[in-house]
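# Structural overview
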Amino acid sequence: MSDVALPASVAATDWRERLLDATTTRDVIAVVVDLAQQLPGVRQVRVLWELDPGDLPAAIDADTLRLADDAMAAGAPRTSARGDLLALPLQTSTAVVVMDLGSDADAAGITDTLRLPLRVADRKLHDRVRLEELEGAVRRLRRSEQLQGALFAISDLSGSDHDMTEMLRSIHGIVGRLMYAENFFIVLRNLARDTVHIPYFADVLDPCPFEEASLESIKHSCTWYVINDASPLRGNTGQLHKQVSGPLLTVGTESHDWLGVPMLRDGEALGAIVVQSYQPGIDFTAADQTLLEFVASHILTALERKRSTDLLEHNVKLRTRQLAEANLGLQQEVAERQRAERLQAALFQIAQLATADIDEDRFYASIHGIVDQLLNAENFYIALLSDDRTALSFPYYIDKQGRKHHEGRRLASGLSEYVLRHRTPLLVHNREIEALEQSGEVARDHRRSPPAECWLGVPLLSGDEVLGIVALQSYDPHSGYGQADQELLAFVALQIATSLHRRRSAQFLLQAYNQLEERVAERTAELREQIHEREQVQHQLRHEVMHDALTGLPNRGQLHDRLEQLLARLHAQPESRCALLYLDVDRFKVINDSLGHLAGDDFLRQIGRRLQSCVRDPDLVARVSGDEFAILIENDSVDERGLPTVASAVAERVLQRLSAPLRVASRLLDPSASIGVAVGDGSYLRADDLIRDADTALYRAKSLGRKRWELFDDSLQRSAVDVLTLEIELRQALQYDQLEPWFQPIVRLADGAVVGHEALLRWNHPQRGVLRPGEFLHVAEDSGLIEAIDWRIFKRSCALKAQCSDDGYLSINVAPRHLLRDNFATRLLGLLERTGLAPEHLLIEVTEGSLLDEPDRVRAVLEQLQAHGIGVALDDFGTGYSSLSYLHTFPLRVLKIDRTFLAALDQQDNSGAVIAAVLALARALGMDVVAEGIETETQRRALIELGCEFGQGYLFGYPAPRSPIPTT
């Protein structure tokens, strides 16, 4: 709302005349106020108008505003509750006349008096408002049109032919038409280098401060703030100080008023436009700032477009020049390629002539035609050296002087001979030919042909051999040859020489071919006979490769191939089954060793024939190796018990037929066999897997007593896997030193004094705990680890015993294989030397079986050990042969009575008598006796009564993992 208040005293004039003369809204309002002011009781008049564009009103109390709003809303006069205010609405112009009334004022009368003047004033006020709105719109449209024209002009400048300076001068003029811009400059920023430069500067007082400078060098200047803060600045120096965030540096003459706006792109200032005034009274308004900000973005776009256009024109010119140069190079390259293609085609045609079925005349004529396509070859000839290299022949000679033939001649001093001598091309003109003649290099016969104006000759070279020459000559002074022609003819000459060489070689080959045909016919007959013989040999070799030479049966290779084919078929037919019987002849080694190898071979042949009689086609009997055979049954089925019907019947039939007596080498033998059976199905991927399972079943059959057959199942595989696992763990036990000796004391029975210890093997298994030898010794025997284990225990036992200072002895168990080693005694004595154990403190225990195998050799080893002080004990006496003959023939110190005699010592049998006999025998031979397995006091007293002096067993101590207990 606006409050329009006029002085209380206004000259009285005719209100109609005054309203008619009013030209502005203020004039109309003044008339209304003056009329109302003249009425009696009216103290003050105000016009409240929503559309008044005048100055801000003075303070208006809330009651007055509320009364005016009620009058306007009701469209009728309203008075205040106290009657001191009267509001008269002007509906058309949306104004309200509010009067302050005195106590004697007549509100109704005032309303009636002013009804007509206010109606006319309302219409007049409405018309003036509309007229002023239209005039303002016209001014704004003119301003917009002027601004739009300026923007179009700026946009057109970016695409004009003007250079940058002319364009910027024109932009200055355009901005000057929009606002005061006598002092005007543009600053652009280089983001990459962080510099600024002034492409345009116009000022009535100051010169341009710089062309290009770092942004840092103008820090804290007005222009720097505009660019750095990306916001406009406007005002005099004092006002600018208040707008910036830091100190303000003045550059040049201080201006009366200053306006700078940034040129923004994506919120970042890429430059600034600055106008400034040195004249008081010329200031920049907010409208000027808004206008300049709007124009700045278009100027930036125009500058960027102009720079892009200039750069594009520069690049286009540069690219056009490059393309022109490239086009020239391409044209040259195209010409060179066309020339090369013609040359390549010519060389190819000449190469084809080498194998063409044409005579010599056509051959040379074709070459001339090809060369004539490349060069001026009106005068052309080819000269060839004779075989003895003393003459020249001219198989082809064409000359435009009319000569088409040239007779051969002896070598002389012509140009052709010059080329042949120097083996290089020659290009000469008439004067150069004359110079050669004067130097004596050449001598021409002018009677034969007129002198040539230009002559070009190239030797025909095949490797290091000169075949002849190809030459061109011209009689026209204006038509000669150049270096390019020489190079071209050199290429052609090389191909001509190659073709000549090939034709000569082809003629030679034709003669050789005719001779070869005769020899081939003779050799073919010989080869037919040799091929027939070789085919017979190959057939025999194939049979031998796939069959056993002894029995004539298929061998392991053929069995493997048949199995692979059969398993592949089972994969496609999962319901089908096959079976493999793996057979080992029992005790064949005894037969072979007893009767000899010839008898053994005859035995195997008869076994093979019996096995073949047990199967039907297409089943296969094969000899795998030695005394092992295999029977492959291609079609089988499994009954309700899981047994293969055909394989079990064949196995029983084989066992029955093999058990029949067999005569070999005048001996009647009763053969038998062990058989392992494995059933094959689609789960088997390799033949070796099925053979392995059948072999596993064979091993089970042999371990269960032989002369039987066993069927493979998963338990056998697990058992084989367990043995393999145990073998791997046993190797790791050796690696990680998990094997150690435990010691059991040997005592004097009378007083219990310890006289020695026996070292016993134990395995500290990381998962299963301590294992006795019975749980793993068989695996160690089969895997070949037993000797390494024995020597590990020997070493650790001797080392522990050597640490004790007592006189007791150490007893170790020595297996028979050690006694058969040539270096056993030397190795054992070396071990004692390294561990520091005295030989007299060591006792080795051997079994009765150790003395039976190669007794002379074993006796020598034991005597060598005894000579160094090592004692020998016979372990488990009474459980073997118990022969008395070797007791006095072997150097034995101790007899150890087996624990089986002690177990029945307290019963009523002859165990006591046997022990007494052994004791008597030992005393007679001067040996000590140790009773093993003493577990009760009764056994100890009985042994003392029988005269036994030493013993060992659980009664005196269990084996323990520690060093031997010193004797007391």
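Now for a look at the structure at hand. These numbers were taken from a predicted model, which means no experiment stands behind them. (Residues numbered from 1 in each chain as written. Predicted model: local features only at pLDDT ≥ 70, side-chain atom pairs only at ≥ 80, totals over all residues. Heavy atoms only, no water.)

## Some remarks on the overall build of the protein
The helix and strand inventory of the protein stands at 28 helices and 33 strands. The C-alpha radius of gyration computed for the protein amounts to 66 Å, which surpasses the reference 30 Å derived for 968 residues by more than 25%, pointing to a less compact arrangement than a globule. Counting all 968 residues of the protein, 43% fall into the buried class. Counted over contacts in the protein with a minimum sequence separation of 6, partners at least 24 positions apart contribute 63%. (Helix = DSSP H or I, 4+ residues; strand = E, 2+ residues; numbered from the N terminus. Rg over C-alpha atoms; globule rule 2.2 N^0.38 Å. Buried < 20%, exposed > 50% of the residue type's maximum accessible area, 1.4 Å probe, protein only. Contact = heavy atoms within 4.5 Å.)

## Description of the packing of aromatic side chains
Overall, the coordinates contain 14 aromatic pairs when judged by the stated rule. Where Phe 363 meets Tyr 364, the ring centres are 5.1 Å apart and the plane angle is 70 degrees; that geometry is what we call edge-to-face. The buried category is assigned to Tyr 364, whose relative accessible area is 3%. An angle of 85 degrees between the planes, with centres 5.2 Å apart, marks the rings of Trp 763 and Phe 776 as edge-to-face. One end of the pair, Trp 763, is in strand β26 (residues 754-765); the other, Phe 776, is in the loop between β27 (769-771) and α19 (777-783), and 13 residues separate them in sequence. (Phe/Tyr/Trp six-rings, centres within 6.5 Å; stacked < 30°, edge-to-face > 60°.)

## Notes on the sheet that holds strand β14 (residues 409-410)
The strand order across the open sheet built from 6 strands is β14-β13-β12-β17-β16-β15, with neighbouring strands paired in antiparallel fashion. Bordering the open sheet on either side are β14 and β15 (426-429), each of which pairs with just one other strand. Its contacts with the sheet place helix α10 (residues 415-422) against β12 (380-385), β13 (391-398), β14, β15, β16 (454-462) and β17 (465-474), and it is angled at close to 40 degrees to β16. (Pairing = 2+ DSSP bridges. Axes fitted to C-alpha atoms, helices over the stretch in contact; angles between N-to-C directions.)

## Side note on the sheet that holds strand β19 (residues 620-625)
Strand order in the open sheet formed by 5 strands is β19-β20-β18-β23-β24, and the pairing between neighbours is mixed. The two strands at the open ends of the sheet, each matched to only one other strand, are β19 and β24 (709-711). Between one strand and the next, the sheet's axes are offset by a mean angle of 20 degrees, whatever the strand orientation. Looking at chain direction, strand β23 (residues 673-680) and β24 are connected through 3 bridges and run parallel. Its bridge partner lying in β24, Val 677 is registered against Leu 711. Running at roughly 145 degrees to strand β20 (residues 628-636), helix α16 (residues 645-658) makes contact with β18 (577-585), β20, β23 and β24 of the sheet.

## Overview of the pattern of salt bridges
Within the structure shown, the criterion is met by 36 salt bridges. Taking the shortest distance from any N to any O, the salt bridge between Lys 702 and Asp 584 comes out at 3.6 Å. Here the residue Lys 702 occupies a position in helix α17 (residues 687-703), and Asp 584 occupies one in strand β18, the gap between them amounting to 118 residues. Residue Asp 584 is classed as buried on the basis of its relative accessible area, which comes to 5%. In this structure, the salt-bridge partner of Asp 822 is Arg 857, at a minimum N-O distance of 2.5 Å. Residue Asp 822 is found in the loop between α21 (816-819) and α22 (824-835), and its partner Arg 857 is found in helix α24 (residues 855-867); the two are separated by 35 residues along the sequence. For Arg 857, a relative accessible area of 31% puts it in the partly exposed group. (Salt bridge = Lys/Arg side-chain N within 4 Å of Asp/Glu carboxyl O.)

## Comments concerning the packing of helix α8 (residues 286-353) against helix α12 (residues 483-546)
One can describe the packing of α8 onto α12 by two numbers: an axis separation of 8 Å at closest approach and a directional angle of 20 degrees. Regarding the angle of α8 to α12, the classification is roughly parallel. Regarding α8 and α12, the two cross each other, and that crossing is right-handed. Side by side, α8 and α12 meet where Arg 339, Leu 343, Leu 347, Ile 350, Ala 351 and Leu 353 of the first sit next to Ala 484, Leu 488, Phe 491, Val 492, Gln 495, Ile 496, Ser 499, Arg 502 and Arg 503 of the second. (Parallel < 35°, antiparallel > 145°, perpendicular 65-115°, else oblique. Left-handed = near helix turned anticlockwise from the far one by under 90°.)

## Here we look at the nonpolar core
Soluble globular proteins: nonpolar side chains tend toward being buried together. Among the nonpolar cores identified, the biggest contains 49 residues, and Phe 824, Leu 828, Leu 842, Ile 844, Leu 895 and Leu 943 are the most heavily contacted of them. With 6 residues, the top contributor of residues to this core is α22. Not counting residues up to four positions away in its chain, the partners in contact with Leu 895 are Leu 874, Phe 877, Leu 887, Val 918, Ala 922, Met 927, Asp 928, Val 929 and Val 930. Among the nonpolar cores identified, the runner-up in size contains 35 residues, and Ile 350, Phe 363, Leu 374 and Leu 427 belong to it. (Core = buried A, V, L, I, M, F, W, Y, C linked by side-chain atoms within 4.5 Å.)

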